[in-house]
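One-letter residues, chain by chain:
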Amino acid sequence: MDKLLEASASMGEDAFVAKVPKAVSYDWTHGVDETTGLIQSGIDLYSPLLDGLGLLHK
C-alpha cells in the first residue's frame, strides 16, 4: 500500500490535475484514509461472496 500511495502521490496535486483533459474524471484521487476506507468496503462487500464460493484463501 505504501508503494502505491507513493507512486500516486502526485495525482492529487494541482499541477497534475491541471494537465488532465476535462473529459477525464479525476475524482478517484483520494487521501490515505478515504482510499483505505474504499478498499475496506470492497473487502467487506465481496469477502462473504468469495468465501461462499470457496475462493477466499484464509
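Parameters at a glance
- Every chain's residues receive numbers from 1 upward, in the order its sequence appears when written.
- The model is predicted, so local features are restricted to residues of pLDDT at least 70 and side-chain atom pairs to those at 80 or more, both for listing and for counting; the totals for chains, interfaces and linings are taken over all residues.
- With hydrogens and water stripped out, all remaining heavy atoms of the structure feed into the side-chain values.
- Note on conventions: DSSP H or I runs of at least 4 residues are helices, E runs of at least 2 residues are strands, and numbering of each starts at the N terminus.
- By this rule, a helix spans an expected 1.5 Å times one less than how many residues it contains.
- What the bend at a residue measures is the angle between two axes, fitted to the seven residues ending there and to the seven starting there.
- Patches in this entry comprise residues that are over 30% relatively accessible and not in a salt bridge; like charges within 9 Å are linked, as are nonpolar side chains (Val, Leu, Ile, Met, Phe, Trp, Tyr) within 5 Å.
- In short, Shrake-Rupley with a 1.4 Å probe defines the accessible areas, and a residue's cover is counted only from the protein chains shown.
- By definition, a salt bridge exists where a carboxyl oxygen of Asp or Glu is found within 4 Å of a side-chain nitrogen of Lys or Arg.

Caption draft 1: The arrangement of helix α3 (residues 32-52) in detail. The terminal C-alpha atoms of α3 lie 30 Å apart, and with 21 residues this matches the ideal 30 Å at 1.5 Å per residue to within 8%. The largest bend in α3 amounts to roughly 40 degrees and is located at Y46, with the proline P48 lying one to four residues further along. Just downstream of α3 lies G54, where phi reads positive at about 75 degrees.

Caption draft 2: Here's a closer look at a nonpolar patch on the surface. On the surface, L45, Y46, L49, L50, L53, L55 and L56 cluster together into a nonpolar patch covering about 680 Å² of accessible area. Along the polypeptide, L55 turns up in the segment after α3.

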